[in-house]
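Structural description and commentary
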Amino acid sequence: MNGLHMGQSLGRSVARLPRPAFTLIELLVVISIIAILASLLLPALSKAKEKAKAANCVSNMKQIALAERMYMEDHSGSLTPLWRERGFPGWPPWTYDAASFAVQNPNLLWWQDELRLAGYAPARKVFDCPSLKWLATRAGGGSRSTNNTLGIGMNHREFGNTLAVSVPDRKPFRESEVVKPSAAIVFADAGGVTAATRNRPPDEWLEDKALDQALTVAGFGCSYFRVPSDPSFVEGDSRSLPRHNKRVNVTHLDGHVETMKNSGIGYQHARGHPAALWDRE
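Now for a description of the structure that goes with this document. Note that residues are indexed from 1 along each chain, following the sequence as it is written. For a predicted model such as this one, the threshold for reporting local features is a pLDDT of at least 70, and the threshold for listing and counting side-chain atom pairs is 80 or more; totals across whole chains, interfaces and linings nevertheless cover every residue. Just so you know, side-chain values use all the structure's heavy atoms and leave hydrogens and water out.

**As for the overall build of the protein**
Just so we agree on the cut-off: Only DSSP runs of H or I reaching four residues or more are called helices, and only runs of E reaching two or more are called strands; each is numbered from the N terminus. To sort residues, take the accessible area from a 1.4 Å probe on protein chains only and compare it with the maximum for the residue type: under 20% means buried, over 50% means exposed, and anything in between is partly exposed. Any two residues whose heavy atoms approach within 4.5 Å are treated as being in contact. Shrake-Rupley sampling with a 1.4 Å probe provides the accessible areas, and residues are treated as covered by the protein chains on show and by no other component.
When its secondary structure is counted, the protein shows four helices and nine strands. Starting at the N terminus, the α and β elements of the protein follow one another as α-α-β-β-α-β-β-β-α-β-β-β-β. Taken over 281 residues, the protein has a buried fraction of 44%. In the protein, of all internal contacts separated by at least 6 residues, the share reaching a separation of at least 24 is 66%. A total of about 14,700 Å² of accessible surface is found on the protein, and carbon and sulfur atoms cover 60% of it.

In structure tokens, the structure reads:
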């Protein structure tokens, strides 16, 4: 009995012996393998994440397209102005509220808030490109925002006209002025272009994020993008941008949205050319 008891005790003791730990070399090998796998997976995950943001941007543009179509139907085919100045003759007044407006400008009613106040697009977030991080506190043309990142811009000057009190006879553009609505781009991803890339082909334009990097709180998501008919186009302060895996989301006048190469907009072509999707002709 004693022998049996001792044997059982010895068996239990052997079973309870601690397992050998990883050696330092084995641990370093495991860490290296994890690091290699992470380096392989992170780009794919980042690309998948950007695809999701691009899809959300398309969804926002579709809502904007629907809102713009409803606005045109209720206004005899006229598009929303890019902005209208307070007191412009023949237009109703509005009450400015910095806390709820997509664009903080008490004297100019921008197209986003025109659609929002009229009930065509009540959800303010549809005017944002999800790929942008910072609020548009440094947006150009008086379209700054402390509420939104913005970054979905209206085509200026082909479709988004400005109604200034100093030019009282100016009118919004009308759909009837457009030769082919299905091939005319009204909205697109928009922002400033870096000085180093603004003279390169459109597919190589890079978003100017210098303000983001310097201030870490300032964004430059524009409410408009300039086209060759705008004399300030060369400045590159607001153009269409291929920010979604080197593609740009665009909305055509007939309401359909697509993702395309920035070069597909046809900036190299003159007005009236079939491939110039940036103009009304």
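**Describing the layout of surface pockets**
Heads up, the rule is: The rule is simple: put a 1 Å grid over the protein atoms alone, call a set of points where a 1.4 Å probe fits but cannot get out a cavity, call an open set with protein on both sides within 12 Å along at least five of seven lines a pocket, and count a residue as lining if it has an atom within 4 Å of a point. Grid points are joined across faces, edges and corners, and a volume is the space filled by probe spheres set on the points. Polar here means any residue other than Ala, Val, Leu, Ile, Met, Phe, Trp, Tyr, Cys and Pro, which are nonpolar, and Asp, Glu, Lys and Arg, which are charged; Gly is therefore polar.
For the largest pocket, the calculated volume is near 450 Å³. Ser 131, Leu 132, Glu 207, Lys 209 and Arg 243 are the residues nearest the centre of the largest pocket, which is lined by 21 residues in total. Among the residues forming the lining of the largest pocket, the class breakdown is seven nonpolar, five polar and nine charged.

**Section: a nonpolar patch on the surface**
Worth spelling out the cut-off: Within the patch definition used here, like charges are joined within 9 Å and nonpolar side chains (Val, Leu, Ile, Met, Phe, Trp, Tyr) within 5 Å, considering only residues with over 30% relative accessible area and no salt bridge. Each salt bridge in this description consists of a side-chain nitrogen of Lys or Arg and a carboxyl oxygen of Asp or Glu lying within 4 Å of one another.
A grouping of Ile 25, Val 29, Ile 33, Ile 36, Leu 37 and Leu 40 is seen on the molecular surface, where their side chains present a nonpolar patch of about 600 Å² in accessible area. With respect to the element layout, Val 29 can be found in helix α2 (residues 24-74).

**Some words on the environment of Thr 149**
The residue Thr 149 is located in the loop between α3 (111-117) and β3 (152-156) in this model. Spatially, the C-alpha atom of Thr 149 lies 4.1 Å from that of Leu 135, the residues being 14 residues apart in sequence. Once residues lying within four places of it in the same chain are set aside, the contact partners of Thr 149 are Asp 128, Cys 129, Leu 132, Lys 133, Trp 134, Leu 135, Ala 136 and Gly 221.

**Structural notes on the nonpolar core**
Our working definition: Residues grouped as a nonpolar core are buried Ala, Val, Leu, Ile, Met, Phe, Trp, Tyr and Cys residues, joined through side-chain atoms within 4.5 Å.
Trp 110, Trp 111, Leu 115, Phe 127 and Leu 253 are the most contacted members of the largest nonpolar core, which has 36 residues in total. Those elements that place two or more of their residues in this core are α2, β2 (108-110), α3, β3 and β5 (185-191). Those residues within four positions of Leu 253 in sequence are excluded, and the remaining contacts are Arg 69, Met 72, Leu 79, Phe 159, Glu 175, Val 178, Pro 181, Ala 184 and Val 186.

**With respect to the packing of aromatic side chains**
The geometry of an aromatic ring pair comes down to the distance between the two centres and the angle between the two planes. Rules: Only centres within 6.5 Å qualify two rings of Phe, Tyr or Trp (six-membered ring in Trp) as a pair; their planes then separate them into stacked at under 30 degrees, edge-to-face at over 60, and tilted for everything else. A positively charged side chain is recorded as over a ring if its NZ (Lys) or CZ (Arg) lies within 6 Å of the ring centre. The angle to the ring normal must also be within 35 degrees.
Evaluation of the coordinates by the stated rule reveals eight aromatic pairs. Three or more aromatic residues link up through ring pairs in this structure, and these residues are Trp 111, Phe 127 and Phe 187. The ring of Trp 205 carries the charged tip of Arg 239 above its face, separated from the ring centre by 4.7 Å. We note Arg 239 situated over the ring of Phe 233; from NZ or CZ to the ring centre the distance is 4.4 Å.

**Comments concerning the environment of Asn 56**
In this fold, Asn 56 is placed in helix α2. By relative accessible area, which is 43% here, Asn 56 ends up partly exposed.

**A few points about empty space enclosed by the protein**
Under the criterion given, the structure shown has one cavity of 30 Å³ or more. Taken as a whole, the largest cavity encloses approximately 50 Å³ of empty space. Considering the residues around the largest cavity, the lining is formed by Ala 65, Glu 68, Arg 69, Met 72, Val 186, Phe 187, Thr 251, His 252, Leu 253 and Gly 255. Of all the elements in the fold, those that place two or more residues in the lining of the largest cavity are α2, β5 and β8 (248-252). Here the lining of the largest cavity is composed, by residue class, of five nonpolar, three polar and two charged.

**Structural notes on the pattern of salt bridges**
Counted according to the given criterion, the structure contains twelve salt bridges. Here Asp 113 makes a salt bridge to Arg 116, at a shortest N to O gap of 2.9 Å. One end of the pair, Asp 113, and the other, Arg 116, are both in helix α3, three residues apart, so they sit about a helical turn from each other. Asp 113 gets classed as buried once you look at its relative accessible area, which sits at 1%. Salt bridges here are not isolated pairs; linked through shared partners, they connect Glu 158, Glu 177, Arg 271, Arg 280 and Glu 281.

Don't take any of this as a statement about function, it's just geometry.
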